[in-house]
Amino acid sequence: MVNEKLEQITESTSLDKLVSNERIYPILQKYGVPCIDCPMMQDEFDQLNLKKVCELYGINYKKIIEEINGVLKK
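Residues numbered from 1 in each chain as written. Predicted model: local features only at pLDDT ≥ 70, side-chain atom pairs only at ≥ 80, totals over all residues. Heavy atoms only, no water.

**Concerning the environment of S20**
Step number 1: Structurally, the position occupied by S20 is in the loop between α1 (15-19) and α2 (25-30).
Step number 2: In this structure, the C-alpha to C-alpha distance between S20 and N69, residues 49 residues apart in sequence, is 15 Å.
Step number 3: In this structure the side chain of S20 is engaged in a polar contact, spanning 3.1 Å, whose partner is the backbone oxygen of D16.
Step number 4: A distance of 3.2 Å separates a polar side-chain atom of S20 from the backbone oxygen of K17. (Helix = DSSP H or I, 4+ residues; strand = E, 2+ residues; numbered from the N terminus. Polar contact = N/O pair within 3.5 Å; in protein donor to acceptor, adjacent residues only side chain to side chain.)

**Quick notes on helix α3 (residues 50-57)**
Step number 1: Listed in full, the buried residues belonging to α3 are L50, V53 and C54. Along the axis of α3, the buried residues cluster in a sector spanning 95°; they form a single face.
Step number 2: Looking at the buried positions of α3, the neighbouring elements they touch are α1, α2 and α4 (61-73).
Step number 3: N-cap assignment for α3: the residue whose side-chain oxygen lies 3.1 Å from the backbone N of K51 is N49.
Step number 4: Immediately beyond the C-terminal end of α3, within one or two residues, lies G58, with a positive phi of roughly 65°. (Buried < 20%, exposed > 50% of the residue type's maximum accessible area, 1.4 Å probe, protein only. Arc of directions from axis to C-beta. Contact = heavy atoms within 4.5 Å.)

**Here we look at the confidence of the model for the protein**
Step number 1: On average, residues of the protein score 87 in pLDDT, and 95% of them reach the 70 mark or higher.
Step number 2: Mean pLDDT per element in the protein: α1 is the minimum at 88, and α4 is the maximum at 95. (pLDDT = per-residue confidence, 0-100.)

See the structure below:
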């Protein structure tokens, strides 16, 4: 896992940028974002954004964004 330099994310941030960051990955797991552990979806991470995935699975993307951006500020 790479710790990609991100200063802030938005609803349009792609999953590939999120799952590659070791500080963000646990937050995605906490909220139950299912695609991050699916080997079939890994080829599409660059095409999927956080809002789209959250809406598909009924997850509140605004809460995830708030928590991730709080972690990134530290």
